[in-house]
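Given next are the chains, with one letter for each unit.
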Amino acid sequence: KGKVSLYIGIPFCPTRCLYCSFTSYDMKRYNGKMDAYLDALEKEMAHCSKYYQYKKISSIYIGGGTPTSLNEQQLERLLSMVDKYYSRPQEYTVEAGRPDTITREKLRILRHHNVGRISINPQTLNQKTLDLIGRNHTVEMFIDAFKMAREEGFKDINTDIILGLPGEGEEEVTNTLKGLKELGPESITVHTLAVKRASRLKETLGDYTMTDAGLMDRLLGLAAFFTDRMGMHPYYMYRQKNMVGNFENVGYAKVDKAGIYNILIMEEKQSIIAAGAGASTKIVLKDPIPMPGSKKKKMTRLIRQENVKAVDAYIDRIDEMIERKGEWLWH
């Protein structure tokens, strides 16, 4: 009680990955609209801050897309906006997901604004697969970005990997896990490939040899084995539609390095106010309601409100996005 979290969405990426269904747009195509996007985002953040001023902030999570798609000046502006409107949270995470968007100057900007946790995501350490899924960066670029983050003082780095990518078996996944073990991140999120309706993979599924349930089970076993050897333990899990083999995504972390935001968004016991195109707000109402079939147990009431996904629509309709939130924020 008395605490909230904040999600800020930056829906731009260098390229759109084969499997991606997130709100993500080509940063080159939208380069001329990034400042207008930040204008709208600041307006929404300022409005939400009126609610936050009476609350302690558990976590601020800036995701996307790839937030580090912003150039240095735009990233500085974004983080200055956060400083202006919100108090320092218990946990402050920024997804620096694509190594091809990371520069030393951007890492220094993140550190200057007290970002303590970043996520640098290779998805795989096999170059053939990176080329296939459209990542447009090399394995070496990921390793260099990771080491550069360490040099700039980041002591809490997460890496995401995806199991079940086309053409990857036990040998390829072992190679990825060995590479991560050498680097020593504080946490690893192990995703099972999900074939999403809005992804290019769904449209061209017949072009690829997909992982079957038996192989996926073995790959997940490899991930559990290696993360255990790295001193990590599973701390959250979730499933999505159309996951290969109907398995799950699991977050592994070292002691005291579990992602607070990841736990909160799964537990749905704390309001998470979201700003940005495609961002989804979850508001936990004050008064729980009786659980069906029980006189004593009660269940929380959760209100979901989603912003429009299209960048142009978000910019043009920002007042509408704010008004839709307003009636629930002070409930």
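Residues numbered from 1 in each chain as written. Predicted model: local features only at pLDDT ≥ 70, side-chain atom pairs only at ≥ 80, totals over all residues. Heavy atoms only, no water.

1. Structural notes on the pairing of strand S7 (residues 157-163)
Then comes step 1: S7 sits mainly inside the fold: seven of its seven residues count as buried.
Then comes step 2: Neither face of S7 is exposed, since Ile157, Thr159, Ile161 and Leu163 on one face and Asn158, Asp160 and Ile162 on the opposite face are all buried.
Then comes step 3: Relative to S7, strand S6 (residues 117-119) is paired through two bridges, and the arrangement is parallel. Paired with Ile118 across the strands is Ile157, a residue of S7.
Then comes step 4: The β-α-β motif built from S7, the intervening helix H6 (residues 170-183) and the parallel element strand S8 (residues 187-192) has right-handed crossover chirality. (Buried < 20%, exposed > 50% of the residue type's maximum accessible area, 1.4 Å probe, protein only. Helix = DSSP H or I, 4+ residues; strand = E, 2+ residues; numbered from the N terminus. Pairing = 2+ DSSP bridges. Right-handed = clockwise from strand over helix to strand, strands pointing away.)

2. Structural notes on unusual backbone geometry
Then comes step 1: For the bond from Gly64 to Gly65, the omega torsion is 20 degrees, close enough to zero to count as cis.
Then comes step 2: Looking at the element boundaries, Gly65 is found in the loop between strand S4 (56-64) and helix H2 (72-85).
Then comes step 3: Even without being a glycine, Asp256 presents a positive backbone phi close to 70 degrees.
Then comes step 4: As for its placement among the helices and strands, Asp256 is situated in the loop between strand S10 (249-253) and helix H9 (260-267).
Then comes step 5: Overall, the relative accessible area of 75% leaves Asp256 in the exposed class.

3. A closer look at the packing of H6 against helix H8 (residues 213-229)
Then comes step 1: The N-to-C vectors of H6 and H8 enclose an angle of 15 degrees; their axes lie 10 Å apart at closest approach. If you check the angle between H6 and H8, you find them roughly parallel. For the pair H6 and H8, the crossing hand works out as right-handed. Of the residues in H8, those in contact with Glu170, Val173, Thr174, Leu177, Lys178 and Lys181 of H6 are Leu215, Arg218, Leu219, Leu222, Ala223, Phe226 and Arg229.
Then comes step 2: Residue composition of the contact of H6 with H8, grouped by class: seven nonpolar, one polar and five charged. (Axes fitted to C-alpha atoms, helices over the stretch in contact; angles between N-to-C directions. Parallel < 35°, antiparallel > 145°, perpendicular 65-115°, else oblique. Left-handed = near helix turned anticlockwise from the far one by under 90°. Contact = heavy atoms within 4.5 Å. Nonpolar A, V, L, I, M, F, W, Y, C, P; charged D, E, K, R; others polar.)

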